[in-house]
Structures are given as C-alpha cells and as structure tokens.
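Notes for the structure review
Single-letter residue listing:
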Amino acid sequence: MSSSISNAFWLFFVSLLWGSTNPLIRKGSKGIEEIHRSSRIQQFFAEVIFLASNWKYIVPFLLNQCGSVVFYLTLASVDLSIAVPITNSLTMLITTLAGQALGEGRINAGTFLGMILVIAGVTICVVDKAP
C-alpha cells in the first residue's frame, strides 16, 4: 500500500473513531446536568465522579482518545494542512450519520448536500496528494 493511501486510511480510521464515539459520549453523559453542588469545586468533583463511574461514557471516551493517539502518530507522515481538514470534515460527517443511527435526529436536504460536498472535497484532497 502506498504511503498516501496508507495515510488516507489512517485519517479515515481516526475520523471513524472520533465520529462514531461523539454521539455515544453525548448519550453517555446524560444526567450530568442533574448534578448540583453548593460550590464550584464540589460541582467539578461530583461531575468527574459521575463521568468516571459511568461505563457508557468511559468506553466511548477511551476509544475517542485512541483516535487522538492514532491521529498524532499519523501526523508524523502527513501534511498538517491536509490532515486536519480531511479528518475534521469526515468526523463531522460520521458524527451526523452515527447520531442519526442512534435516533438523535433526521438528516434534512441541506445536511445531505453538505455531506455530499464534504465527500467530494475529501476525495479531491486525497486524489490531489496521490503520487
């Protein structure tokens, strides 16, 4: 596998990890808004304990952080000016699709058009950088 195809794979993999875990993290943190303490410090620690003891939050969070490690490692061999837009735009697209799969909302025509444009833009970036 050529270097640019390998890099594109790893950027897509990072986007997949980040995008698929974002809605799960959001879903796993439900209930944190119910926590109320008298001081900011108590509030902070109560929220940390709530999140740290909630496997529905911790598992997707750790997978998301694994994506961050892979992204950091991939940056050693990828042009930063191409890696960040590709990864962030694909992450947004995957987050939208994963959110819909979890019942967070419907994809309207504007969102669908935006997703098509993101795919076109990423394709242009990847093809343009291919040897």
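Residues numbered from 1 in each chain as written. Predicted model: local features only at pLDDT ≥ 70, side-chain atom pairs only at ≥ 80, totals over all residues. Heavy atoms only, no water.

All right, on to helix H4 (residues 80-101) then. Along its 22 residues, H4 runs 31 Å from first to last C-alpha, staying within 8% of the 32 Å computed at 1.5 Å per residue. Taken together, the buried positions of H4 are occupied by Ile 82, Ala 83, Ile 86, Thr 87, Ser 89, Leu 90, Thr 91, Leu 93, Ile 94, Thr 95, Ala 98 and Gly 99. Once H4 ends, the next one or two residues include Gly 103, with phi positive near 85°. (Helix = DSSP H or I, 4+ residues; strand = E, 2+ residues; numbered from the N terminus. Expected span 1.5 Å × (residues − 1). Buried < 20%, exposed > 50% of the residue type's maximum accessible area, 1.4 Å probe, protein only.)

We now examine the packing of aromatic side chains. Tallied over the entire structure, the rule returns six aromatic pairs. Ring centres of Tyr 57 and Phe 61 lie 5.7 Å apart, and the angle between their planes is 15°; this geometry places the pair in the stacked category. Of this pair, Tyr 57 and Phe 61 are both found in helix H3 (residues 55-74), four residues apart, which corresponds to roughly one turn of the helix. Among the residues examined, Phe 61 registers a relative accessible area of 29% and is labelled partly exposed. An aromatic cluster of at least three residues, connected via ring pairs, comprises Phe 9, Trp 10 and Phe 13. (Phe/Tyr/Trp six-rings, centres within 6.5 Å; stacked < 30°, edge-to-face > 60°.)

So, about the UniProt feature "transmembrane region" (unreviewed entry) in the protein chain. If you check UniProt for "transmembrane region" (unreviewed entry), the listed places come out as residues 109-127 in our numbering. Across residues 109-127, helical content stands at 100% and strand content at 0%; the span's end C-alpha atoms are separated by 27 Å. (UniProt positions renumbered as here; feature names shortened; annotations may be inferred.)

In this section: the environment of Gly 19. With respect to the secondary-structure elements, Gly 19 resides in helix H1 (residues 3-28). Separated by 71 residues in sequence, Gly 19 and Leu 90 have C-alpha atoms that sit 7.7 Å apart. Apart from the residues lying within four places of it in its own chain, the contact partners of Gly 19 are Thr 91, Ile 94, Thr 95 and Ala 98. (Contact = heavy atoms within 4.5 Å.)

We now examine the packing of H1 against H3. Running from N to C, H1 and H3 cross one another at 155°; their axes reach a closest spacing of 8 Å. In terms of orientation, H1 lies roughly antiparallel with respect to H3. Regarding H1 and H3, the two cross each other, and that crossing is left-handed. In this structure, H1 contributes Asn 7, Trp 10, Leu 11, Phe 13, Val 14, Leu 17, Trp 18, Thr 21, Asn 22, Leu 24, Ile 25 and Gly 28 to the contact, and H3 contributes Lys 56, Tyr 57, Pro 60, Phe 61, Leu 63, Asn 64, Cys 66, Gly 67, Ser 68, Val 70, Phe 71 and Thr 74. In terms of residue class, the contact of H1 with H3 is made up of 15 nonpolar, eight polar and one charged. (Axes fitted to C-alpha atoms, helices over the stretch in contact; angles between N-to-C directions. Parallel < 35°, antiparallel > 145°, perpendicular 65-115°, else oblique. Left-handed = near helix turned anticlockwise from the far one by under 90°. Nonpolar A, V, L, I, M, F, W, Y, C, P; charged D, E, K, R; others polar.)

Our next topic: the packing of H1 against H4. Where H1 contacts H4, the axes come no closer than 7 Å and their chain directions differ by 40°. By the angle between their directions, the pair H1 and H4 is classed as oblique. Considering only the axes of H1 and H4, their crossing is right-handed. Together, Leu 11, Phe 12, Val 14, Ser 15, Leu 16, Trp 18, Gly 19, Ser 20, Asn 22, Pro 23 and Arg 26 of H1 and Ala 83, Ile 86, Thr 87, Asn 88, Leu 90, Thr 91, Ile 94, Thr 95, Ala 98 and Gly 99 of H4 make up the contact between the two elements.

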